[in-house]
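Given next are the chains, with one letter for each unit.
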Amino acid sequence: MASAGSPSVAVGVTRPVDLRSDTVTKPTAAMRRAMAEAEVGDDVYVEDPTVNALEAEVAALFGHEAALFVPSGTMGNQICLRLLAEPGQEILCDSDAHIVTYEMGAAAALFGLGTRTVLGARGRFELDAYVPQVRPPDWHTVRTAVIAVENTHNRGGGSVQPIEELKALRAHADEADLSLHCDGARIWNAHVATGTGLAEYGAVFDTLSVCLSKGLGAPVGSVIVSSSDRIAAARILRKRLGGGMRQAGILAAAGRHALHHHIERLADDHARARTLAAALPGVVVNDPETNIVVLELDGDAHALAAAARDDGVLVSVVSPTRIRLVTHLDVDDDGADRAAGVLSGLLD
Ligand SMILES: *Cc1c(COP(=O)(O)O)cnc(C)c1O
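Numbering of residues starts from 1 in every chain and runs along the sequence as written. Only residues with pLDDT of at least 70 are given local features in this predicted model, and only at 80 or more are side-chain atom pairs given and counted; all residues enter the totals for whole chains, interfaces and linings. Side-chain metrics rest on all non-hydrogen atoms present in the structure, leaving aside hydrogens and water.

1. Observations regarding the site of the ligand
Part 1 of the reasoning: One heavy atom suffices: a residue is near a molecule or strand as soon as one of its heavy atoms comes within 4 Å of it. As a structural note, the neighbourhood of the ligand is formed by Ser 72, Gly 73, Thr 74, Asn 77, His 98, Glu 103, Glu 150, Asn 154, Asp 183, Ala 185, Arg 186 and Lys 214.
Part 2 of the reasoning: Here a polar contact is recorded for every N or O atom pair within 3.5 Å, except that within protein the pair must consist of a potential hydrogen donor and a potential acceptor, and residues adjacent in sequence are included only if both atoms are side-chain atoms. The backbone of Gly 73 places a nitrogen or oxygen atom 2.8 Å from an oxygen atom of the ligand.
Part 3 of the reasoning: Within the side chain of Asp 183, a nitrogen or oxygen atom sits 2.6 Å from a nitrogen atom of the ligand.
Part 4 of the reasoning: Using the Shrake-Rupley algorithm and a 1.4 Å probe, accessible areas are obtained, with residue cover drawn only from the displayed protein chains. Burial of the ligand by the protein chains amounts to 83% of its free accessible area of 380 Å².
Part 5 of the reasoning: Helix and strand definitions follow DSSP, with helices as H or I runs of at least four residues and strands as E runs of at least two, each counted in order from the N terminus. When residues in the shell around the ligand are grouped by element, the largest group, three residues, is from helix α3 (residues 73-84).
Part 6 of the reasoning: Any residue that is not Ala, Val, Leu, Ile, Met, Phe, Trp, Tyr, Cys, Pro, Asp, Glu, Lys or Arg is counted as polar, Gly included; the first ten are nonpolar and the last four charged. Class assignment for the residues of the shell around the ligand results in one nonpolar, six polar and five charged.

2. Some details on the layout of surface pockets
Part 1 of the reasoning: Buriedness of a pocket was judged along seven lines, with at least five required to meet protein on both sides within 12 Å; pockets are open sets of points on a 1 Å grid over the protein atoms alone, cavities are sets where a 1.4 Å probe fits but cannot get out, and lining residues have an atom within 4 Å of a point. Grid points are joined across faces, edges and corners, and a volume is the space filled by probe spheres set on the points. Taken as a whole, the largest pocket encloses approximately 280 Å³ of empty space.
Part 2 of the reasoning: Arg 15, Pro 16, Asp 18, Arg 20, Val 24, Lys 26, Leu 314, His 328 and Asp 330 are the residues that line the largest pocket.
Part 3 of the reasoning: Here the residues of the lining of the largest pocket are counted per class, giving three nonpolar, one polar and five charged.
Part 4 of the reasoning: Here the second largest pocket defines a volume of roughly 220 Å³.
Part 5 of the reasoning: In terms of lining residues, the second largest pocket is bounded by 20 residues, among which Asp 96, Arg 122, Arg 155, Gly 156 and Arg 322 are the most central.
Part 6 of the reasoning: If you list the elements that add at least two residues to the lining of the second largest pocket, you get β11 (316-319) and β12 (322-326).
Part 7 of the reasoning: For the lining of the second largest pocket, the class distribution of residues is five nonpolar, nine polar and six charged.
Part 8 of the reasoning: In this document the domain limits rely on a domain assignment from an automatic tool or a database. Both domains that furnish three or more residues to the lining of the second largest pocket are identified here as domain 1 (29-261) and domain 2 (265-347).

3. What to know about the sheet that holds β11
Part 1 of the reasoning: In space, the three strands of this open sheet follow the order β9-β12-β11, with antiparallel pairing throughout. Each edge of the open sheet carries a strand with a single partner, namely β9 (292-296) and β11. Neighbour-to-neighbour, the strand axes of the sheet open up by a mean angle of 30°, direction not taken into account.
Part 2 of the reasoning: The pairing of β11 with β12 spans three bridges and is classified as antiparallel. Residue Ser 316 lies in a different strand from β12, and its bridge partner there is Arg 324. For two strands to be treated as a pair, DSSP must find at least two bridges joining them. The axes used here are C-alpha line fits, helices contributing only the stretch in contact, and every angle between their N-to-C directions lies in the interval 0 to 180 degrees.

4. Here's the deal with the domain arrangement of the protein chain
Part 1 of the reasoning: The domains assigned to the protein chain are domain 1 (29-261) and domain 2 (265-347).
Part 2 of the reasoning: For domain 1 and domain 2, the distance between their C-alpha centroids amounts to 27 Å.
Part 3 of the reasoning: On the side of domain 2, 13 residues touch domain 1, which itself brings 18 residues to the contact.
Part 4 of the reasoning: Summed over both partners, the interface of domain 1 with domain 2 buries about 1,300 Å², with 52% contributed by carbon and sulfur atoms.
Part 5 of the reasoning: The term salt bridge refers to a pairing of a side-chain nitrogen on Lys or Arg with a carboxyl oxygen on Asp or Glu at a separation within 4 Å. Applying the counting criterion to the domain 1 and domain 2 interface returns two salt bridges.
Part 6 of the reasoning: Measuring nitrogen to oxygen at the nearest pair gives 3.2 Å for the salt bridge that ties Arg 124 to Glu 289.
Part 7 of the reasoning: Summed over the shared surface of domain 1 and domain 2, the result is six residue pairs in polar contact (both at pLDDT 80 or more).
Part 8 of the reasoning: Of the residues in the side of domain 1 that touches domain 2, the class split is five nonpolar, nine polar and four charged. Every residue pair with non-hydrogen atoms within 4.5 Å of one another is taken to be in contact. The buried area of a pairing is the accessible area, by a 1.4 Å probe, that goes missing from both parts when the two are put together, added over both.

5. Some details on empty space enclosed by the protein
Part 1 of the reasoning: According to the stated counting rule, one finds one cavity of 30 Å³ or more in the structure shown.
Part 2 of the reasoning: By volume, the largest cavity amounts to about 70 Å³.
Part 3 of the reasoning: Among the elements of the structure, β3 (90-94), α4 (98-101) and β5 (144-150) are those that each provide at least two residues to the lining of the largest cavity.
Part 4 of the reasoning: Top element by residues in the lining of the largest cavity is β5. It accounts for three residues.
Part 5 of the reasoning: When the residues that make up the lining of the largest cavity are grouped by side-chain class, the tally is seven nonpolar, four polar and four charged.

The following block contains the structure:
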């Protein structure tokens, strides 16, 4: 029997398999130890050694000069967009991008930035589709200042952006005087799935925002990466948005632990996503490239999610007929097999 204040999980009942998102992971025991032992200081004074170490480490991984720890991926993306565009200018991105779907209109609401969107198959970036949409600087039209690319693409089902296409984008951006931002919430997954180096991705973009709290399994936090000048400006924007944190080294320690221990293991999440997809052949939309599987149903997605919940499997409803499954640190082989069994049973 559950006591007051504790989760109501009865003894002998297996823990649900939670495939709603890779944000649901809890810090591991080793991560909690790293957090408890972290050296800290006041990060608004730039005096937290663990935050400073995290920022230096992430900047180096992506081959950029500097980095800044921020509370969320949303804040990271929005600070980057403001660094690269002036009020009244526009950002070009995929129509299903996180920045235009899940960030509550922040670019417009906070910074006076417009967005202009391009339809892509599963969010896949294709230079040829974007080039005609870029509005060049003149006295008559809105200036397209930034192209933003999401890698991997969340609503696209964890699809990976091909590095050759991104390199072609860099060449075009240099010619057209455009800036490039990467929403790299799951760039770690792209790196592990393809073997493309993080610095190779880093070389394409003027700014990147990368999450520690998705597949890497840290409880909180993202990091933005760019030049020293831009990161100095980003520090001011972060403070303005209320994102200046004090002894944030407690959180940065979790991020550092994740960088050291949880990148290569993402391959296991990708394998489990393939296991799930293989068990649900009729309804899978994507051949999973990373840790996300999208299902398109004949019936009602909410009804399936409710039935799965009753059988101990939690999934996300992303449209009236679509379900998303995300594998992560807290789903092992047994969990993936159990979920595959429950879902294939319900879909029979
Ligand atoms: C989760 C996510 C973010 C950031 O989300 P926060 O919840 O604000 O940390 C940004 N982009 C993508 C693609 C994401 O999946």
